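Examination of the molecular architecture
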Amino acid sequence: MKKLVLIDGSGIAYRAFFALPLLNNDKGVYTNAVYGFTTMLLKIIETEKPTHLLVAFDAGKTTFRHKTYKEYKGTRQKTPPELSEQLPLIRELLDLMGIQHYEKDQYEADDIIGTLSKQAQQKGWTTKVVTGDKDLLQLVDDKVTVSLTRKGITDMDDYDAAKVFERYEIEPIRIIDLKGFMGDSSDNIPGVPGVGEKTAIKLLKQFGSLEAVFEDLEAVSGKKLKEKLEANQDQAVMSKQLATIDIHAPVDIELDRLTYQQTFSQELSELFKELEFSSLLNRIGFEETIAGESQEIEVKSEVLTTIEDSLLLKESALTVEILEENYHYAEILGFGLANEKGCYFVPKDVAFSSERFKSWLQDETTRKIVYDRKRDRVALKWQGLELKGVHFDITLASYLIDPSESNHDLAAIAKRRDIKYVYSDEAFYGKGAKQQIPDEDKLADHVARKAKAMLELEPLLAEELEENHQSSLFYELEMPLADVLGEMEFKGVDISETTLKDMGVELNDKLIQLEKHIHALAGTEFNINSPKQLGEILFEKMNLPVIKKTKTGYSTSADVLEKLQGHHEIIDKILEYRQLGKLNSTYIEGLLKVIHPKTGKIHTLYRQALTQTGRLSSTDPNLQNIPIRLEEGRKIRKAFIPSKKDWMMFAADYSQIELRVLAHIAEDENLIKAFKEDMDIHTKTAMDVFGVAEGEVTSLMRRHAKAVNFGIVYGISDYGLSQSLGITRKEAGEFIEKYLDSYPGVRRYMTEIVQQAKHDGYVTTLLHRRRYLPEITSRNFNRRSFAERTAMNTPIQGSAADIIKLAMVSMAERLKEEQLEANMLLQVHDELIFEAPKHEIDRLKIIVPEVMENAKALKVPLKVEASYGQTWYDAK
DNA sequence: GGTTTCACGC
DNA sequence: GACGTACGTGAAACCA
């Protein structure tokens, strides 16, 4: 059985280009269309298993259709150069994959596909056409099916005749009649003005074809419609003609010659590597190995068995080689060292038995270049060593230069700067179950390469930081902050295991009761945690109204369930079950799992080089999302306790720091005044937006105003605001407009920052933190809108992040200066949590707000609220 | 092991 | 006219 696959190469490339963000490789070659095209191609080959395969392309600008209508495709924008430059790459790729491609002067890909599909039909082959263009549906028959890209590029809808009929209520061949009436704005086919899909289908159902309609115009119902048809008859006939695919195009290619045999050559894998399609390399059976170009470059290194003073220079690159992600549990494999003298690997036994080496590690006066200062420092702290004299952190530098680089992996950072002899840890050690440590020779080589690369990278990165005006941000903020965060992580926060366990027992009881109750109400037992099973129960068995669907089934999210409240008592129970289940699995069981066996405390990991805005994130466990809003969850905080007897937990948070930052950046008089007068900002916003006096602000008005402020801070859209308030998008848009009317400075800022982002390609924060926004010029509305909101939001959120980071560095210094025993333990974006002896609380009440409020002088005062108690829960 | 859905915080 | 919409982390189900 012959199976022919015909791919609309031009159409798919076009779709891929617009569906994917503008990727490029390290040489600046754009690759998104090639990437999308290739993933689609691999998927099609895998699922369709074609015996014959051809990719058809459009040829040139003019086609035979222009003879009929010279305006054909006249409104189409010129193909963007970022896309055109990728088309030769796609052809090269097809050649390497042994896939034939074809184009014919004066014809479009559609005509080639149409002609070949009909020839194949004659021979009794089955054909699959792959395209993004609905016009191709006219080719569907008993032997030909059409796959239409849905969204993205690999998501396809398969159309056979029945599916076409289901969708359009007409035979596939009548798609051309449909186009004749409707026209097609993207091809500049006029059709009959005022006739859309609905009317066209109605006419075709009644008359059968476009010609039949015009033969019996009198039978058309509706005077207006009749007039429109009469006036545009010629245009309609021509439109149909334009939309008709030529199935007798002079295609000089034999079907039998289109055989396809899957072969993936070395050359193909080279091309994939060049384009940086590493995920696709695996799919074609070429695992990216550590071999390849890295090992071809020789790096001389030595394994040290004794440590000579002469090797330990003031200026050196140092790597502390550990494998574990979680460095609180890390085993040190050894050290890499690179300096003027050469590159070395120091095995752990040699290192730890050398007093010389250990004192060098702890020597403040050296200038060490490291890859991840916090990681190295904390890992060594667990070994009782204080890493000192760190002068440069490669990860942090790379992060500040461009936070969007998806991995600040050393090999990637190096490769982008043309240093190619170092390979990534993942490639060297493998990942997941495949991870293993090679023998010492290889290990030594790898580690030494890393150290060498770091030594070489430091001046390059330092210069880039300087160019970006980020030197001070780097040396004076992020670098010292890394040590402060390291101390917080290493110190850890104490947790009462018994409190957690008691809460767990109680929760489990409640969950069992709830589960029974829910099963009884549903009349059957099922897994409430499974959205799939829950959806079937609610929407099929119990016939509750479907509010929203996900791509795999019914949505059962909280906002959907809330809309169903009142329909059935089961809803409330499910919501409660979800809430308690979350508390139990994530917080009770989750936290119990991560208590460190050596300290009995919880040691989180702050990620300092991750978020696009400059905020920190926290993992293993995440201590930045411990419940607070609902009382049941808030009780979790009772388990967070001081580590010593007679100590207290002390918490201080910034009040409205983002909106204060906004007032400052936007220089909005109204907003500045409000903060200077220390007004309740949501009430103030409500007064301005609704035009009422303070006393007339209702709680609903305040709630709406609060959501608008929230939206400003987080950069949500009118849609997002409408969702959170349960109002229409239009109303949400009006709220935002009224807000901007009330705060003209903010409006001006929003306009200007978008202009600036378009001009510079990036936005910055108060301390010159940078975020690039390449999509701000995207032709895709969604992408562009998202980039615009990001441009408005990042300086606000990022500057707030800058400020609390400044406060943390000052705070650590201040605690030391005053010789306080208090420990700074946690940061939750706008708040700091400490533990301290009772007798220091009075002092903290003064200095913590003082340090935080004076971290950075703005045009409005910063305000901090502090509290304390026996547990984190009580510090409210 | 990867993806999807849901839910927690700011 | 539709698109699919703050950022993070983590658990569980489900599919392969």
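Residues numbered from 1 in each chain as written. Chains lettered and ligands numbered in written order. Predicted model: local features only at pLDDT ≥ 70, side-chain atom pairs only at ≥ 80, totals over all residues. Heavy atoms only, no water.

Description of the sheet that holds strand S12 (residues 390-393)
Sheet strands pair by backbone hydrogen bonding; their relative direction is either parallel or antiparallel. Just so we agree on the cut-off: Strands are labelled as partners when DSSP assigns at least two bridges between them. Segments assigned H or I by DSSP are reported as helices when at least four residues long, segments assigned E as strands when at least two residues long, and all are numbered from the N terminus. Here a residue-residue contact requires only that any non-hydrogen atoms of the pair lie within 4.5 Å. Between N-to-C directions, angles cover 0 to 180 degrees, with each direction set by a line fitted to C-alpha atoms, over the stretch in contact for helices.
Across the sheet, 6 strands lie side by side as S7-S10-S9-S8-S11-S12; this open sheet has mixed pairing. Unpaired on one side and paired on the other, strand S7 (302-303) and S12 mark the two borders of the sheet. Alignment of strand S8 (residues 315-322) against strand S9 (residues 332-339), held across 6 bridges, turns out to be antiparallel. Paired with Ala317 across the bridge in S9 is Ala338. Across the sheet, helix H22 (residues 440-467) touches S7, S8, S9, strand S10 (342-347), strand S11 (367-370) and S12, and the angle it forms with S8 is around 130°.

Some words on the nonpolar core
As a rule of thumb, soluble globular proteins bury nonpolar side chains together. This is how it is decided: Joining through side-chain atoms within 4.5 Å is the link that ties buried Ala, Val, Leu, Ile, Met, Phe, Trp, Tyr and Cys residues into a set, and such a set is a nonpolar core. Relative accessibility decides the category of a residue: with a 1.4 Å probe and only protein chains considered, values under 20% of the type maximum give buried, values over 50% give exposed, and everything between is partly exposed.
In this structure, Phe335, Phe357, Leu538, Tyr654, Leu662 and Tyr739 are the most contacted members of the largest nonpolar core, which totals 177 residues. At 11 residues, helix H36 (residues 781-817) tops the list of elements feeding residues into this core. Grouped together as the second largest cluster of nonpolar side chains are 49 residues, Leu116, Tyr168, Phe207 and Leu217 included.

So, the domain arrangement of chain A
Filter applied, for reference: Note that the domain bounds reflect an automated or database-derived domain assignment. Buried area counts how much accessible surface, traced with a 1.4 Å probe, disappears from two parts once they are put together, with both parts' losses summed.
Domain annotation of chain A identifies domain 1 (3-169 + 245-258), domain 2 (293-478), domain 3 (494-602 + 611-641) and domain 4 (671-799). Once you take the C-alpha centre of each, domain 2 and domain 3 turn out to be 41 Å apart. Every contact between the two is made by 7 residues of domain 2 and, on the other side, 11 residues of domain 3. Taking both partners together, domain 2 and domain 3 bury about 620 Å²; carbon and sulfur atoms supply 47% of that area. Looking only at domain 2, the three residues that lose the most surface to domain 3 are Tyr329, Trp382 and Tyr399, adding up to 63% of its buried area.

So, the sheet that holds strand S3 (residues 100-102)
An order of S3-S2-S1-S4-S5-S6 is seen for the 6 strands of this open sheet, with the pairing classed as mixed. Only two strands of the sheet have a single neighbouring strand rather than two, namely S3 and strand S6 (156-159). Across the sheet, the mean angle from the axis of one strand to that of its neighbour is 20°, orientation sign disregarded. For strand S1 (residues 3-8) and strand S2 (residues 52-56), the ladder comprises 5 bridges, and the chain directions are parallel. Paired with Val5 across the bridge in S2 is Leu53. In the packing of helix H2 (residues 32-48) onto the sheet, contacts are made with S1, S2, strand S4 (126-131) and S6, and the angle to S1 comes to roughly 165°.

Details of the packing of aromatic side chains
Rule in force here: Note on ring pairs: Phe, Tyr and Trp rings are taken, using the six-membered ring of Trp, and paired if centres are within 6.5 Å. Classes follow the plane angle, with under 30 degrees stacked, over 60 edge-to-face and the rest tilted. Two limits define a charge over a ring: the Lys NZ or Arg CZ must be within 6 Å of the ring centre, and within 35 degrees of the ring normal.
Considering all chains together, one arrives at 18 aromatic pairs under this definition. Between Phe650 and Phe834, the ring centres sit 6.0 Å apart and the planes meet at 70°, which makes this aromatic pair edge-to-face. Of the two residues, Phe650 sits in strand S20 (residues 647-654) while Phe834 sits in strand S24 (residues 831-837), which places them 184 residues apart along the sequence. Both residues of the pair, Phe650 and Phe834, belong to the buried class. These aromatic residues form a ring-pair network of at least three members: Phe335, Phe352, Phe357 and Trp360. The residue whose ring lies beneath Arg91 is Phe57, and the NZ or CZ to ring-centre distance is 4.4 Å.

Quick notes on the protein's contact with DNA strand B
As a reminder, the rule being used: The criterion for a residue being near a molecule or strand is simple. One of its heavy atoms has to lie within 4 Å of it. Distance and chemistry together define a polar contact, namely a pair of N or O atoms within 3.5 Å, with one atom able to donate a hydrogen and the other to accept it when in protein, and with adjacent residues in sequence counting only for side-chain atoms on both sides.
In the region of DNA strand B, 25 residues are neighbours, and Thr552, Thr556, Arg578, Asn625 and Ile628 sit closest. The sugar-phosphate share of atoms of DNA strand B within 4 Å of the protein amounts to 87%. Contacts to DNA strand B include Arg578, whose side-chain N or O atom sits 2.7 Å from a phosphate oxygen. Between DNA strand B and Tyr714, the relevant distance is 3.4 Å, taken from a base oxygen to a side-chain nitrogen or oxygen of the residue. Among the elements that line the surface near DNA strand B, the one with the most residues is helix H27 (residues 569-593), at 4 residues.

What to know about the side chain of Asn709
Structurally, Asn709 is set in helix H32 (residues 699-714). On the basis of relative accessibility, which here comes to 1%, the residue Asn709 falls in the buried class. If we skip the residues at most four places from it in the chain, Asn709 touches Leu659, Ile681, His682, Thr685 and Tyr739.

Quick look at the pairing of S4
Counting buried positions along S4 yields 5 of 6 residues, so the element is predominantly enclosed. Across 5 bridges, S1 lies against S4 in parallel orientation. Across the sheet, Leu6 pairs through a bridge with Val129, a residue of S4.

Concerning the packing of helix H24 (residues 497-522) against H27
Each pair of packed helices can be described by the angle between their axes along with the distance between the axes. Cut-off, in case you're wondering: Each angle receives one of four descriptions, namely roughly parallel if under 35 degrees, roughly antiparallel if over 145, roughly perpendicular if within 65 to 115, and oblique otherwise. What makes a crossing left-handed is the near helix being turned counterclockwise from the far one by less than a right angle; a clockwise turn instead makes it right-handed. In this classification, Asp, Glu, Lys and Arg are treated as charged, Ala, Val, Leu, Ile, Met, Phe, Trp, Tyr, Cys and Pro as nonpolar, and every other residue, Gly included, as polar.
Between H24 and H27, the least distance of the axes is 9 Å, while the angle of their chain directions is 150°. Taken together, the axes of H24 and H27 are roughly antiparallel relative to one another. H27 is crossed by H24, and the crossing has left-handed handedness. Per-class residue counts for the contact of H24 with H27 are 16 nonpolar, 5 polar and 7 charged.

Thoughts on the packing of H2 against helix H5 (residues 87-97)
Closest axis-to-axis distance for the H2/H5 pair is 10 Å, and the angle between their directions is 30°. Taken together, the axis directions place H2 and H5 in an arrangement best described as roughly parallel. As for the relative orientation of H2 and H5, their crossing is right-handed in sense. Residue-level contacts link Ala33, Val34, Phe37, Thr38, Leu41, Leu42 and Ile45 of H2 to Leu89, Ile90, Leu93, Leu94 and Met97 of H5. The class makeup of the residues in the contact of H2 with H5 is 11 nonpolar, 1 polar and no charged.

Some words on the UniProt feature "domain: DNA-directed DNA polymerase family A palm" (unreviewed entry) in chain A
Stated formally: UniProt positions are given in the numbering used here, feature names are shortened, and annotations may be inferred rather than shown by experiment.
Mapped onto the present numbering, the UniProt feature "domain: DNA-directed DNA polymerase family A palm" (unreviewed entry) falls at residues 633-840. A distance of 29 Å separates the end C-alpha atoms of residues 633-840, which is 59% helix and 13% strand.

Focus on empty space enclosed by the protein
How we decide: Two kinds of site are reported from a 1 Å grid over the protein atoms alone, namely cavities, where a 1.4 Å probe fits but cannot get out, and pockets, open sets with protein on both sides within 12 Å along at least five of seven lines, and residues are called lining when an atom falls within 4 Å of a point. Grid points are joined across faces, edges and corners, and a volume is the space filled by probe spheres set on the points.
Enumeration according to the criterion identifies 2 cavities of 30 Å³ or more in this entry. By volume, the largest cavity amounts to about 80 Å³. Arg615, Ala800, Ala801, Ile804 and His829 are, among the 13 residues lining the largest cavity, the residues nearest its centre. Mapped onto the lining of the largest cavity, the elements with two or more residues apiece are helix H29 (657-666) and H36. With 5 residues, H36 is the largest single contributor of residues to the lining of the largest cavity. Class assignment for the residues of the lining of the largest cavity results in 5 nonpolar, 4 polar and 4 charged. Put simply, the second largest cavity is a space of about 30 Å³. Classifying every residue of the lining of the second largest cavity by side-chain character gives 6 nonpolar, 3 polar and 1 charged.

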